[in-house]
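Descriptive structure summary
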Amino acid sequence: MRLLFLGDLVGRTGRNAVITRLPALIADHLLDFVVVNGENAAGGFGISEEILTAVLGTGADVVTTGNHAFDQREALVFAERQERFLRPINFPAGTPGRGAGLYTARNGAVVLVINAMGRVFMEALDDPFAAIDNELAACPLGEQADAIVIDFHAEATSEKQALAHHLDGRVSLLIGTHTHAPTSDYRVMPRGTAYQSDVGMCGDYHSVIGMKHEEPLRRFLQKVPGERFAPAEGPATISGLAVEVDDESGLTTAVAPLRLGGVLSETIPPFWD
Ligand SMILES: [Fe+2]
Ligand SMILES: [Fe+2]
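In this convention, every chain numbers its residues from 1, walking through the sequence in written order. Chains and ligands are labelled by the order in which they are written, letters from A for the one and numbers from 1 for the other. In view of the model being predicted, local features appear only for residues whose pLDDT reaches at least 70, and side-chain atom pairs are presented and counted only at 80 or more, with totals across whole chains, interfaces and linings using the full set of residues. Hydrogens and water molecules were not included; the side-chain quantities draw on all heavy atoms of the structure.

**Observations regarding the overall build of the chain**
Going along the chain from the N terminus, every DSSP run of H or I of four or more residues is numbered as a helix, and every run of E of two or more is numbered as a strand. Counting its secondary structure elements, the chain contains six helices and 11 strands. Each radius of gyration is computed over the set of C-alpha atoms, and the globule rule expresses the reference value as 2.2 Å times the number of residues to the power 0.38. Rg of the C-alpha trace for the chain: 17 Å, near the compact-globule value of 19 Å for 273 residues, within the 12% margin. Summarising its shape, the C-alpha atoms of the chain cover approximately 55 × 45 × 35 Å along the three principal directions. Expressed as a percentage of its 273 residues, the buried residues of the chain come to 58%. Residue pairs in contact within the chain that sit at least 24 positions apart in sequence constitute 61% of those at least 6 positions apart. Of the accessible surface of the chain, which amounts to about 11200 Å², a share of 53% is contributed by carbon and sulfur atoms. Note that His is not counted, nor are the chain ends; the positive residues are Lys and Arg, and the negative ones are Asp and Glu. A single reference atom marks each charge: NZ on Lys, CZ on Arg, CG on Asp, CD on Glu. The centroid of the 21 positive side-chain charges in the chain is displaced by 6 Å from the centroid of its 35 negative side-chain charges. Classification of residues uses two cut-offs on accessible area relative to the type maximum, computed with a 1.4 Å probe and protein chains only: under 20% is buried, over 50% is exposed, and between them is partly exposed. A contact between two residues is defined here by any heavy atoms of the two lying within 4.5 Å. Where accessible areas are quoted, they stem from the Shrake-Rupley method and a 1.4 Å probe; at the residue level, only the protein chains shown are allowed to cover.

Shown next, in the form of structure tokens:
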């Protein structure tokens, strides 16, 4: 089974790159299941239902989020009815929407997707390790789920790496999001879980984490906020991780980065030929 995870869509350039190119990627490379983090898709802050529908319409199976999940207030409403929209599972009880779901891939496999958020250098939330463990106890790999994908939206690499050791052999893919810069530590862990500390963003990399650089730079230089942050509008790089999952075990056999367009050099997973 062939999975693709795409990092945070940032603004119009990021979301349009994915909306334009994802259908051909799915068709040409026979992708069975695609997860996209959409937390910055609407002007850099959250996602509207219209954009969510457009991204799902390209063949993305699930849209995950993070700290920006509800920046667009309408998400508080559509989160309840849009089953393919996930917000972090360790948000407080009573928060609208869901943090995990079971979905059927194009090859018929049942895929559990969990979205969780870290707590180091982030808001105070419930324990993400315990929240994920609860979900996995109810839906173990190889029993109720043929594959399991976890989007761990977190700032600290240490927290992400610790979770990788905690989950190795129990999920197909644990991928970090939120920092918007791809790391080169993608690999298969000893017990078969694919891991990358951060998958990067789908957006304009000639920026400050996807935003036009002038205002973030000014706040570092002068400590005085001026304008609102706005997404950079140059050509976007689509940044993701491709994963081959064994149909029997649900564990990973191969992993490689995908980068298309924009200012980063292009990389196509070699096993996609
Ligand atoms: Fe983000
Ligand atoms: Fe984030």
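**What to know about the coordination of the iron ion (ligand 2)**
Here a donor is any nitrogen, oxygen or sulfur atom (N, O, S) within 2.8 Å of the metal, with 3.2 Å used for Na, K and Ca; water is not among the atoms considered, so some sites may look incomplete. Protein ligation of the iron ion (ligand 2) involves Glu39 (OE), Asn67 (OD1), His153 (NE2) and His178 (ND1), the donor distances falling in the range 2.1 to 2.2 Å. Four donors are marked tetrahedral only if all angles between them lie between 85 and 135 degrees, whereas four are marked square planar and six octahedral if opposite donors are more than 155 degrees apart and the other angles lie between 65 and 115; the remainder are marked irregular. Geometry at the iron ion (ligand 2) is irregular, judged from its four donor atoms and the angles of 87 to 149 degrees they form at the metal.

**Here we look at a negative patch on the surface**
Each patch groups residues whose relative accessible area exceeds 30% and which form no salt bridge, using 9 Å between like charges and 5 Å between nonpolar side chains of Val, Leu, Ile, Met, Phe, Trp and Tyr. Salt bridges, as used here, are contacts in which a Lys or Arg side-chain nitrogen is within 4 Å of a carboxyl oxygen on Asp or Glu. A cluster of acidic residues, Asp146, Asp246, Asp247 and Glu248, forms a negative patch on the protein surface. On the secondary structure map, Asp246 appears in the loop between strand E10 (238–245) and strand E11 (252–260). Since its relative accessible area comes to 31%, Asp246 is described here as partly exposed.

**Looking at the pairing of strand E4 (residues 100–104)**
Two strands pair under a simple rule: DSSP has to find at least two bridges between them. Pairing between E4 and strand E5 (residues 110–117): five bridges, direction antiparallel. Across the sheet, residue Gly101 finds its bridge partner in E5, namely Val113. Here E4 folds back onto E5 in antiparallel fashion, the turn holding five residues, of which Gly108 has a positive phi close to 90 degrees.

**Digging into helix H1 (residues 11–28)**
Taking 1.5 Å per residue as the helical rise, H1 with its 18 residues ought to reach 26 Å, and the 26 Å between its terminal C-alpha atoms agrees with that figure. The sharpest bend along H1 measures roughly 40 degrees and falls at Arg21, with the proline Pro23 sitting one to four residues further on. For H1, the full list of buried residues reads Gly11, Thr13, Gly14, Arg15, Ala17, Val18, Leu22, Leu25 and Ile26. On its buried face, H1 sits against strand E1 (2–6), strand E2 (33–37), helix H2 (49–57), E10 and E11. Leu30 sits one or two positions beyond H1 and adopts a positive phi of about 55 degrees. A helix is expected to span 1.5 Å for every residue after the first. Throughout, the bend at a residue refers to the angle made by two axes, fitted to the seven residues ending there and to the seven starting there.

**What to know about the coordination of the iron ion (ligand 1)**
On the protein side, the iron ion (ligand 1) has Asp8 (OD), Glu39 (OE), Asn40 (OD1) and His180 (NE2) as donor atoms, found 2.1 to 2.2 Å from it. Of note is the iron ion (ligand 1), whose four donor atoms meet at the metal with angles of 88 to 164 degrees in an arrangement that counts as irregular. Mapping the donors of the iron ion (ligand 1) onto the primary sequence yields the spacing D-x30-E-N-x139-H. Residue classification places Asp8 among the buried residues on the basis of a relative accessible area of 0%.

**Observations regarding the pattern of salt bridges**
Pairing between side chains of opposite charge can happen when their charged atoms approach one another. By the definition in use, this model includes nine salt bridges. For Asp61, the salt bridge is made with Arg106, and the minimal N-O distance between the two is 3.0 Å. One end of the pair, Asp61, is in the loop between H2 and strand E3 (62–64); the other, Arg106, is in the loop between E4 and E5, with 45 residues separating them in the sequence. Overall, Arg106 belongs to the partly exposed group, its relative accessible area being 43%. Note that Glu233 is salt-bridged to Lys212, the shortest N-O span being 3.9 Å. Residue Glu233 is located in the loop between helix H6 (214–222) and E10, and its partner Lys212 is located in the loop between strand E9 (194–196) and H6; the two are separated by 21 residues in the primary sequence. The structure contains a network of salt bridges with shared partners spanning Glu215, Arg218 and Arg219.

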